[in-house]
Amino acid sequence: MTLDAQTRGDFPILERTVNGRPLVYLDSAASSQKPRTVIEAMTRYYETSHANVHRSIHTLGEEATELYELARDRVQRFIGAAAREEVVFTRGTTDAISIVAEAIGRTLKPGDEILVTDMEHHSNLVPWQVAARDRGVRIRSVPLIGEGTLDLAAAERLLNERTRLFAFAHVSNVLGTINPVADLVARARRVGALSLVDGAQAVPHLPLDMSVLECDFYAFSAHKMLGPTGLGVLYGRRPVLEALEPARGGSEMIKEVWVDRATWNDLPWRLEPGTPPIAETVGLTAAIEYLEKLGMERVREHEQALATQAVEVLSAIPSVRVYGPRRERAAVVAFAVDGWHPHDVAAALDAEGIAVRAGHHCAQPLMRWCGVVGTSRASFSVYNSSEEVALLAHAVASLGGAP
Amino acid sequence: MQVKLDGGRVSAARFAGDSCAICTASADVLSEMVEGRSRAEAAALGAGDVLGVLQADVRPTRMRCVTLPITVLAKALG
């Protein structure tokens, strides 16, 4: 049985129609849909166990804390982290990156450099710009070559003893390029730079093992991996996290507080001030269990088959241009249609019940490299089928001349 | 957007851009609407005026496509 046939019935939203047609949801890279088990786990939590975590010495408080910390263990296992203390809950990928940028930012000196790449999502650019602002810090960027892969020779040249941190995406949210994480991390480490990987587009689609990637930080969001919005994860190698002076204060991240000073809590709570998104972690546990049951190798195979099919059938349409590598790509396919603005493509497809993303995909520097103001983008998850890719291609081929 | 003023009145308006159909239509309609109006009248035109001419069902997510040329024109007219 194909993966979509196995999973389709688990996603209630996929039963609905849009503009009189069955929904074809091809926007999972922006946010995936949720299986019933995730929705029910969160509802059950609110109906039976909700209280604040870590502070309440009563049954509900203990149950909530247990569920919250169980989610941490599930994440640790899912990403192959060495210790549960390396898993910090955040509000999302942007928030996870910002936590590091704020903390590192305080230590930056004039002349220091942060290295990014031309394919980054704004979430992995702007926090570094904010951190570098007014500190005399230079932001440099690794250019792209060919079909949209990193220029590794340039990366080698750009990394130097002034580089404090190298921030790059595991998977491009536009090109679908899968970057050689372990190799880039090793290059950064050779010059003494820290590495941060934006894993938002990788965690939902690829088997992961932090002990193989060996990056210092890895950030991702729950809502792109079948889980709820408002929750993300910052993985950090323990010695690096230990050395990270918290840039944000509040409850739960402290041991003792006086009016003018405080001592910090242990990891990971030191980096989790305030009441966290508790129900969302319960939902993430259910999402991880769902993905683990399917098996991430199978998820990868299914989605890469869909991406390969999409590249082939869209490229075969004379008026269509497909961006990114032909092979070895992840489950996102950006494309342009001659004479059509991406917004008009998305609106026309929506009329057929097909949901795709259109615009700059929060990657304006990358759009400049592509030489366009934006693209349309189809992205896939476990519930998408080969038939849906064919429907997309048929609808795109039927667009005809300019709107 | 380019605007030509003659004695405080808009004598011509043109636009160039890479945009979606709604935004292009809005810019087109707006360029026609401002001709002959005083600077103040032209700057006072809003989304409602353009939509009245467009007669299209524009959803809230696409309203920025309608308002972009209006914002640009207002800037041009200072």
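Regarding the overall build of chain A
Along its length, chain A carries 14 helices and 19 strands. Against the globule reference of 22 Å for 403 residues, chain A gives a C-alpha radius of gyration of 22 Å, in line with a compact fold. When its C-alpha atoms are laid out on the principal axes, chain A stretches across 70 × 55 × 35 Å. Sorting the 403 residues of chain A into buried and exposed places 57% on the buried side. Computing the positive centroid from 41 side-chain charges and the negative centroid from 50, chain A places the two 4 Å apart.

Re the packing of helix H3 (residues 59-79) of chain A against helix H10 (residues 278-294) of chain A
When two helices pack together, their arrangement is given by the angle between their axes and by how far apart the axes lie. Residues and elements named next belong to chain A. Closest axis-to-axis distance for the H3/H10 pair is 9 Å, and the angle between their directions is 40 degrees. Of the possible angle classes, the one that applies to H3 and H10 is oblique. For the element pair H3 and H10, the recorded crossing hand is left-handed. Every residue of H10 that contacts H3 at Ala64, Leu67, Tyr68, Leu70, Ala71, Arg74, Val75, Arg77 and Phe78 is listed here: Ile278, Thr281, Val282, Leu284, Thr285, Ile288, Glu289, Leu291 and Glu292.

Looking at the side chain of Thr117(A)
All names here are of chain A. Mapped onto the elements, threonine 117 comes out in strand E5 (residues 113-117). Polar contacts involving the side chain of threonine 117 include one to the main-chain amide nitrogen of methionine 119, which spans 3.1 Å. Once residues within four sequence positions are removed from consideration, threonine 117 is found in contact with Leu125, Ser141, Val142, Leu150, Phe166, Ala167 and Phe168.

Considering the sheet that holds strand E19 (residues 375-379) of chain A
Residue and element names in this part refer to chain A. Spatially, the four strands line up as an open sheet ordered E15-E16-E19-E18, and their pairing is antiparallel. Each of the sheet's edge strands pairs with one partner strand only, and the pair in question is strand E15 (320-322) and strand E18 (357-359). Ignoring which end each strand starts from, the neighbouring axes of this sheet average 30 degrees apart. The sheet contact formed by E18 and E19 spans three bridges and is antiparallel. Opposite glycine 359, over in E19, you have threonine 375 as the bridge partner.

Considerations on the pattern of salt bridges
Residues and elements named next belong to chain A. Inspection of every chain in the model, using the stated rule, returns 32 salt bridges over all chains. Taking the shortest distance from any N to any O, the salt bridge between glutamate 289 and arginine 74 comes out at 3.0 Å. Linking glutamate 289 in helix H10 with arginine 74 in helix H3, this pair joins segments that are 215 residues apart in sequence. On the accessibility criterion, arginine 74 (19% relative accessible area) is buried.

Side note on the interface of chain B and chain A
Listed as interface residues are eight residues of chain B and, on the opposing side, eight residues of chain A. Summed over both sides, the interface of chain B with chain A buries roughly 510 Å², with 47% coming from carbon and sulfur. Seen at the junction of chain B and chain A, the total is two salt bridges. Arg62(B) is the salt-bridge partner of Asp344(A), the closest N and O atoms lying 3.4 Å from each other. At the boundary of chain B with chain A, the tally comes to three residue pairs in polar contact (both at pLDDT 80 or more). When its residues are assigned to classes, the side of chain B that touches chain A shows four nonpolar, one polar and three charged.

Here we look at the packing of helix H1 (residues 21-34) of chain B against helix H4 (residues 63-76) of chain B
Residue and element names in this part refer to chain B. The interhelical angle for the contact between H1 and H4, taken along N-to-C directions, is 40 degrees, at an axis separation of 7 Å. The angle between H1 and H4 falls in the class oblique. Judged by the sense of rotation from one axis to the other, the crossing of H1 with H4 is right-handed. Of H4, the residues touching H1 (which contributes Ile22, Cys23, Ser26, Ala27, Leu30 and Val34) are Cys65, Val66, Leu68, Pro69, Ile70 and Leu73. Taken together, the residues that form the contact of H1 with H4 break down as 11 nonpolar, one polar and no charged.

A look at the pairing of strand E1 (residues 2-6) of chain B
Residue and element names in this part refer to chain B. For E1 and strand E2 (residues 9-14), the ladder comprises five bridges, and the chain directions are antiparallel. What sits directly across from leucine 5, in E2, is valine 10. Where E1 folds back onto E2 in an antiparallel hairpin, the turn is made up of two residues, including glycine 7, whose phi is positive at roughly 55 degrees.

Comments concerning the sheet that holds E5(A)
All names here are of chain A. Within the open sheet, the seven strands sit side by side as E4-E12-E11-E10-E9-E5-E6. Their pairing is mixed. Where the open sheet ends on each side, the last strands, each with one partner, are strand E4 (87-90) and strand E6 (138-142). In this sheet, neighbouring strand axes are inclined to one another by 20 degrees on average, regardless of whether the strands run parallel or antiparallel. Bridge analysis of strand E9 (residues 163-169) against strand E10 (residues 194-198) gives five bridges, and the strand direction is parallel. Paired with alanine 169 across the bridge in E10 is aspartate 198. Docked against the sheet, helix H4 (residues 93-105) engages E4, E9, E10, strand E11 (217-221) and strand E12 (232-236), running at close to 150 degrees with respect to E11.

Rules used in this analysis
- Residues numbered from 1 in each chain as written.
- Chains lettered and ligands numbered in written order.
- Predicted model: local features only at pLDDT ≥ 70, side-chain atom pairs only at ≥ 80, totals over all residues.
- Heavy atoms only, no water.
- Helix = DSSP H or I, 4+ residues; strand = E, 2+ residues; numbered from the N terminus.
- Rg over C-alpha atoms; globule rule 2.2 N^0.38 Å.
- Buried < 20%, exposed > 50% of the residue type's maximum accessible area, 1.4 Å probe, protein only.
- Lys, Arg positive; Asp, Glu negative; His and termini not counted.
- Charge placed at Lys NZ, Arg CZ, Asp CG, Glu CD.
- Axes fitted to C-alpha atoms, helices over the stretch in contact; angles between N-to-C directions.
- Parallel < 35°, antiparallel > 145°, perpendicular 65-115°, else oblique.
- Left-handed = near helix turned anticlockwise from the far one by under 90°.
- Contact = heavy atoms within 4.5 Å.
- Polar contact = N/O pair within 3.5 Å; in protein donor to acceptor, adjacent residues only side chain to side chain.
- Pairing = 2+ DSSP bridges.
- Salt bridge = Lys/Arg side-chain N within 4 Å of Asp/Glu carboxyl O.
- Buried area = accessible area lost by both parts, 1.4 Å probe.
- Nonpolar A, V, L, I, M, F, W, Y, C, P; charged D, E, K, R; others polar.

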